[in-house]
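One letter stands for each residue in the lines below.
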Amino acid sequence: KAGVTQTPRYLIKTRGQQVTLSCSPISGHRSVSWYQQTPGQGLQFLFEYFSETQRNKGNFPGRFSGRQFSNSRSEMNVSTLELGDSALYLCASSLRETQQGPPGELFFGEGSRLTVL
Amino acid sequence: KNQVEQSPQSLIILEGKNCTLQCNYTVSPFSNLRWYKQDTGRGPVSLTIMTFSENTKSNGRYTATLDADTKQSSLHITASQLSDSASYICVVSARTGAGSYQLTFGKGTKLSVIP
């Protein structure tokens with residue numbers, strides 16, 4: 001069974017540009033969540049999608065957005081990049097039966113490492 | 001404010017030795033507590049998930065304990081191996097109402113196992 005796949009693994013952008021990251025969850029998983037990881041702040045929750053609907057959002061500015069497609073694949077977008085956006089962006093999928101209830105076990109991808117110059 | 005504090009921040013031990021990592025939380029209402037292992041440059045991998053009623057849970061050489069009264073958890077690693085070198089992250093889930101849940105992450109303990 002294939003794991004969570006994130007693309008691209010590495011990318012370099014300059015300030016002011018925008019970036020789109022992609023995440024393909026484990027087959028059958030309908031919940032996808034995104035996280036930003038930096039050395040100083042650790043893992044921080046960005047948002048979670050379930051069946052194409054955003055059901056939870058972290059405390060990040062509106063420059064961070066996401067969406068989920070009917071096949072559960074998800075993308076996140078960061079516009080007007082800032083130096084502080086340099087981080088490892090992790091995606092996780094979980095087997096959630098319904099929109100309610102606690103998140104199940106999270107299966108993380110390898111992450112997309114973004115460097116903003 | 002929900003918080004998860006992990007200690008120590010970093011730890012170096014000799015191969016074959018045991019160690020214990022700590023996690024204190026002020027998350028409520030508590031739903032479950034998770035421990036993840038993250039190798040450098042990789043995504044986190046789940047070690048254990050513990051609910052309120054579980055005091056101890058093992059996964060091979062990893063044993064997690066939970067004291068819901070004192071809001072403390074520990075992860076004990078037995079007979080450490082070089083491959084245990086990683087960051088260990090404690091994550092606590094809280095119910096925020098109306099079927100929604102929030103995950104609060106600790107900043108992790110970086111463990112280095114040396115020969």
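What counts and what doesn't
Residues numbered from 1 in each chain as written. Chains lettered and ligands numbered in written order. Predicted model: local features only at pLDDT ≥ 70, side-chain atom pairs only at ≥ 80, totals over all residues. Heavy atoms only, no water. pLDDT = per-residue confidence, 0-100. Helix = DSSP H or I, 4+ residues; strand = E, 2+ residues; numbered from the N terminus. Phe/Tyr/Trp six-rings, centres within 6.5 Å; stacked < 30°, edge-to-face > 60°. Buried < 20%, exposed > 50% of the residue type's maximum accessible area, 1.4 Å probe, protein only. Lys NZ or Arg CZ within 6 Å of the ring centre and 35° of its normal. Polar contact = N/O pair within 3.5 Å; in protein donor to acceptor, adjacent residues only side chain to side chain. Contact = heavy atoms within 4.5 Å. Buried area = accessible area lost by both parts, 1.4 Å probe. Salt bridge = Lys/Arg side-chain N within 4 Å of Asp/Glu carboxyl O.

Participant: Can you walk me through the confidence of the model for chain A in this structure?
Facilitator: For any part of a model where pLDDT is low, the fine detail of the predicted coordinates should not be relied upon. Of all residues in chain A, 93% attain a pLDDT of 70 or more, and the chain-wide mean is 92. Per-element averaging of pLDDT across chain A places strand S6 (residues 53–57) of chain A at the bottom with 87 and strand S3 (residues 19–24) of chain A at the top with 98.

Participant: Can you help me understand the packing of aromatic side chains in this one?
Facilitator: Given two aromatic rings, their pairing is described by the distance between the two centres and the angle made by the two planes. Per the stated rule, a full pass over the model turns up eight aromatic pairs over all chains. Both rings, one in tyrosine 35 of chain A and one in phenylalanine 105 of chain B, keep their centres 5.3 Å apart while their planes meet at 70°; by these two values the pair is edge-to-face. With tyrosine 35 of chain A in strand S4 (residues 31–38) and phenylalanine 105 of chain B in strand S10 (residues 100–105), the pair connects residues from two separate chains. With relative accessibility at 1%, the residue tyrosine 35 of chain A sits in the buried group. Put simply, the rings of Tyr35, Phe45 and Phe108 of chain A together with Tyr36 and Phe105 of chain B pair up and form one aromatic cluster. For arginine 61 of chain B, the ring lying beneath its charged end belongs to tyrosine 62 of chain B, and the centroid distance is 5.7 Å.

Participant: What's the story with the side chain of asparagine 32 of chain B in this structure? I'm lost.
Facilitator: Residue and element names in this part refer to chain B. Of note, asparagine 32 is situated in strand S4 (residues 30–38). By relative accessible area, asparagine 32 is classed as buried at 6%. Among the polar contacts made by the side chain of asparagine 32, one reaches the side chain of arginine 34 at a distance of 2.9 Å. Those residues in contact with asparagine 32 that lie beyond four places of it in its chain are Ile49, Met50, Thr51, Val91, Val92 and Ser93.

Participant: Whenever I open this one, the interface of chain A and chain B confuses me. Can you help?
Facilitator: Size of an interface, as often reported, equals the accessible area lost when the parts are brought together. Contact residues are listed per partner, giving 20 residues for chain A and 19 residues for chain B. Considering only the surface of chain A that becomes buried against chain B, Leu43, Pro103 and Glu110 of chain A emerge as the three largest contributors, covering 28% of it. When the shortest N-O distance is used, the salt bridge between arginine 42 of chain B and glutamate 110 of chain A registers 2.6 Å. Applying the counting criterion to the chain A and chain B interface returns five residue pairs in polar contact (both at pLDDT 80 or more). Broken down by secondary-structure element, the contributors of at least two residues to the side of chain A that touches chain B are S4, S6 and strand S9 (87–94) of chain A.

Participant: What should I look at first to understand unusual backbone geometry in this one?
Facilitator: Excluding glycine, residues mostly have negative phi values, and the peptide bonds linking residues are mostly trans. Put simply, threonine 7 of chain A and proline 8 of chain A share a cis peptide bond, and its omega is -10°. Mapped onto the secondary structure, proline 8 of chain A falls in the loop between strand S1 (5–7) and strand S2 (10–13). Serine 7 of chain B connects to proline 8 of chain B through a cis peptide bond whose omega is -10°. One non-glycine residue, glutamate 52 of chain A, adopts positive backbone phi at about 70°. Tracing the chain through its elements places glutamate 52 of chain A in the loop between strand S5 (42–50) and S6. Look at glutamate 52 of chain A and you get partly exposed, because its relative accessible area is 46%.

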